[in-house]
Amino acid sequence: MFLLRIRELKTLGLDYVVISVGKKGNSYFLRRPQIPVDKFLEGSNLPTAKEAQAIADDVFSLFVSEEVDKVELLYTKFVSLVKSDPVIHTLLPLSPKGEICDINGVCVDAAEDEFFRLTTKEGKLTVEREVIRAETMDFSPILQFEQDPVQILDALLPLYLNSQILRALQESLASELAARMTAMGNATDNASELKKNLSRVYNRQRQAKITGEILEIVAGADALA
């Protein structure tokens with residue numbers, strides 16, 4: 001997905017810069033010095049608000065200083081234990097609809113938040129997904145801000161960036177753990193099937209050897225009779 005997006009930007013004649021998060025991403029970009037990277041950030045096994053804030057501060061600084069005019073967040077969206085989708089989320093500038101679009105151009109309104117519940121069904125782990133629609137209320141024409149709207153936005157924007165980045169980190173981690181669970185489950189099933197097949201082959205060989213020994217004993221007895 002990343003390489004596809006880079007190709008699209010190059011086709012449009014646009015420059016770009018990357019903020020890499022995580023060991024895998026860092027090692028990938030370190031082997032490719034032709035890709036401009038603004039900063040390498042190490043991620044932990046459990047994303048925290050502090051880590052998200054470090055990323056948000058760097059992103060906010062680049063945008064406010066007008067070094068970039070758009071910020072996109074590329075991450076893996078958690079869908080279920082067996083499925084995850086690559087997503088491109090435009091962080092800045094803010095969209096009036098708060099749209100989130102995947103690589104196929106399918107957009108999802110951010111107002112439709114999702115809740116995931118890890119539960120069991122028929123003795124197996126499963127994830128229940130529920131979409132919550134949040135209605136956006138229109139501001140009253142007589143509404144007055146106690147502070148200047150620009151000051152309010154300056155205060156809220158870092159919190160917004162932090163929450164969106166933290167969510168992306170958590171969903172990416174959930175997708176990775178789900179993929180590992182699926183891989184381990186498949187490996188366990190394959191090992192069980194292999195054990196079953198080998199046991200069947202072993203038993204056949206063992207039975208054939210016992211049958212051969214019995215035939216030899218019978219043949220020897222007949223020869224002595």
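Data block above holds the structure.
Residues numbered from 1 in each chain as written. Predicted model: local features only at pLDDT ≥ 70, side-chain atom pairs only at ≥ 80, totals over all residues. Heavy atoms only, no water.

1. Description of the overall build of the protein
Alright, step 1. Within the protein one finds four helices and eight strands.
Alright, step 2. Each helix and strand of the protein, ordered N terminal to C terminal, gives the series α-β-α-β-α-β-β-β-β-β-β-α.
Alright, step 3. Taking all 225 residues of the protein together, 20% fall into the buried category.
Alright, step 4. In the protein, the share of contacts with a sequence separation of at least 24, taken over all contacts with a separation of at least 6, comes to 42%.
Alright, step 5. With the model as given, the accessible surface of the protein reaches about 16700 Å², and the carbon-plus-sulfur share is 57%. (Helix = DSSP H or I, 4+ residues; strand = E, 2+ residues; numbered from the N terminus. Buried < 20%, exposed > 50% of the residue type's maximum accessible area, 1.4 Å probe, protein only. Contact = heavy atoms within 4.5 Å. Areas by Shrake-Rupley, 256 points an atom, 1.4 Å probe, with all protein chains shown as cover.)

2. Topic: the packing of aromatic side chains
Alright, step 1. If you walk through the whole model with that rule in mind, you get one aromatic pair.
Alright, step 2. Their ring planes at 85° and their centres at 5.3 Å tell us that Tyr28 and Phe29 sit as a pair that is edge-to-face.
Alright, step 3. Look at Tyr28 and you get partly exposed, because its relative accessible area is 22%.
Alright, step 4. Taking relative accessible area as the criterion, Phe29 reaches 9% and is therefore assigned buried. (Phe/Tyr/Trp six-rings, centres within 6.5 Å; stacked < 30°, edge-to-face > 60°.)

3. Quick notes on the pattern of salt bridges
Alright, step 1. One pass over the structure, following the stated rule, counts three salt bridges.
Alright, step 2. Across the pair Glu72 and Lys70 runs a salt bridge whose closest N-O atoms are separated by 3.2 Å.
Alright, step 3. By relative accessible area, Lys70 is classed as partly exposed at 41%.
Alright, step 4. Between Glu176 and Arg180 there is a salt bridge; the shortest N-O distance is 2.7 Å. With a gap of four residues between them, Glu176 and Arg180 both fall in helix α4 (residues 149-224), about one helical turn apart.
Alright, step 5. The exposure class of Glu176 is partly exposed, given its relative accessible area of 36%. (Salt bridge = Lys/Arg side-chain N within 4 Å of Asp/Glu carboxyl O.)

4. What to know about the nonpolar core
Alright, step 1. By size, the foremost hydrophobic cluster in this structure holds 19 residues, and its most contacted members are Ile55, Val71, Leu91, Leu92, Leu161 and Ile165.
Alright, step 2. Among the secondary structure elements, those contributing two or more residues to this core are α3 (49-64), β3 (71-80), β4 (83-92) and α4.
Alright, step 3. Looking at which element gives the most residues to this core, the answer is α4, with six residues.
Alright, step 4. Leaving out residues up to four positions away in the same chain, Ile165 has contacts with Ala52, Ile55, Ala56, Leu73 and Leu91.
Alright, step 5. Among the nonpolar cores identified, the runner-up in size contains six residues, and Ile6, Leu9, Phe29 and Ile35 belong to it. (Core = buried A, V, L, I, M, F, W, Y, C linked by side-chain atoms within 4.5 Å.)

5. Brief notes about the side chain of Gln164
Alright, step 1. Mapped onto the fold, Gln164 is located in helix α4.
Alright, step 2. The exposure class of Gln164 is buried, given its relative accessible area of 18%.
Alright, step 3. Beyond its immediate sequence surroundings of up to four residues, Gln164 is in contact with Leu73, His89 and Leu91.

6. A word on the pairing of β3
Alright, step 1. The pairing of β3 with β4 spans nine bridges and is antiparallel. Note that in β4 the partner of Leu73 across the bridge is His89. (Pairing = 2+ DSSP bridges.)

7. Notes on the side chain of Asn162
Alright, step 1. One can find Asn162 in helix α4.
Alright, step 2. Side-chain polar atoms of Asn162 contact the side chain of Gln53, separated by 2.6 Å.
Alright, step 3. With near-sequence residues (within four places) excluded, Asn162 lies in contact with Ala49, Ala52, Gln53 and Ala56. (Polar contact = N/O pair within 3.5 Å; in protein donor to acceptor, adjacent residues only side chain to side chain.)

Honestly, it's all geometry; don't read function into it.
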